[in-house]
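Examination of the molecular architecture
Here is how the chains run, residue by residue.
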Amino acid sequence: MLLVPAVIALSATFSVALAQHSDKETREDIQRHRAMAAAHENAAKCLESGKKDEICEKQLQAACKGLAIGKYCGMKHVH
């Protein structure tokens, strides 16, 4: 009977340990967030310059390739 609670406690502890990032992983996440922010800032500047949405979106997609999930670089908003 004591085995089941022990297994549950061990599983919870292991899950929490997996959820924590190493310092290296945290630094990599920071770099990805900054790169995504720069890509989105460049997309905003592209739109401000008067270019068509399709052109700016393609530039955003190219800048974010391999960086974020989805074709909107990890973000999508309402139009």
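Shown above is the structure to which this text applies.
Residues numbered from 1 in each chain as written. Predicted model: local features only at pLDDT ≥ 70, side-chain atom pairs only at ≥ 80, totals over all residues. Heavy atoms only, no water.

Time to look at the overall build of the protein. Across its full length, the protein carries three helices and zero strands. Listed N to C, the secondary structure of the protein is α-α-α in terms of helices and strands. Of all 79 residues assigned to the protein, the portion counted as buried reaches 10%. As displayed, the protein offers around 6800 Å² of accessible surface, 62% of which is attributable to carbon and sulfur atoms. (Helix = DSSP H or I, 4+ residues; strand = E, 2+ residues; numbered from the N terminus. Buried < 20%, exposed > 50% of the residue type's maximum accessible area, 1.4 Å probe, protein only. Areas by Shrake-Rupley, 256 points an atom, 1.4 Å probe, with all protein chains shown as cover.)

Moving on: the state of the cysteines. According to the stated counting rule, one finds two disulfides in the structure shown. Shown here is the disulfide that connects cysteine 46 with cysteine 56, its sulfur atoms set 2.0 Å apart. The S-S bond linking cysteine 46 to cysteine 56 shows a torsion near -85 degrees; that makes this disulfide left-handed. You can see cysteine 46 sitting in helix H2 (residues 23–48) and its partner cysteine 56 sitting in helix H3 (residues 53–64), a full ten residues away along the chain. Note on accessibility: cysteine 46 and cysteine 56 belong to one class, buried. Through a disulfide, cysteine 64 is tied to cysteine 73; the S-S separation comes to 1.9 Å. Judged by the sign of its S-S torsion, about -80 degrees, the bond between cysteine 64 and cysteine 73 is left-handed. When the cysteines of the protein that form disulfides are numbered from the N-terminus onward, they connect as 1-2, 3-4. (Disulfide = S-S within 2.5 Å.)

Take the nonpolar core next. Formed by Met36, Ala39, Ala43, Leu60, Cys64 and Cys73, the largest nonpolar core amounts to six residues. Of all the secondary-structure elements, those providing two or more residues to this core are H2 and H3. If one sorts the elements of this core by residue count, H2 sits on top with three residues. Ignoring sequence-local partners within four residues, the contact set of alanine 39 consists of Leu60, Ala63 and Cys64. (Core = buried A, V, L, I, M, F, W, Y, C linked by side-chain atoms within 4.5 Å. Contact = heavy atoms within 4.5 Å.)

A word on the packing of H2 against H3. Two numbers describe how H2 lies on H3: the axes approach to 9 Å, and their chain directions differ by 165 degrees. Comparing the axis directions of H2 and H3 gives the class roughly antiparallel. Along this stretch, H2 crosses H3, giving a crossing that reads as right-handed. Seen from H2, the contacting residues are Ala39, His40, Ala43, Cys46 and Leu47; seen from H3, they are Asp53, Cys56, Gln59, Leu60, Ala63 and Cys64. (Axes fitted to C-alpha atoms, helices over the stretch in contact; angles between N-to-C directions. Parallel < 35°, antiparallel > 145°, perpendicular 65-115°, else oblique. Left-handed = near helix turned anticlockwise from the far one by under 90°.)

Our focus in this paragraph is H3. With twelve residues, H3 should cover 16 Å at 1.5 Å per step; its first-to-last C-alpha distance of 16 Å lies within 8% of that length. Along H3, the positions that sit buried rather than exposed are Cys56, Leu60 and Cys64. Within H3, the buried residues cover an arc of 65 degrees as seen down the axis, which keeps them to one side. Exposed residues lying more than 90 degrees from the buried face of H3 are Glu54, Lys58 and Ala62. (Expected span 1.5 Å × (residues − 1). Arc of directions from axis to C-beta.)

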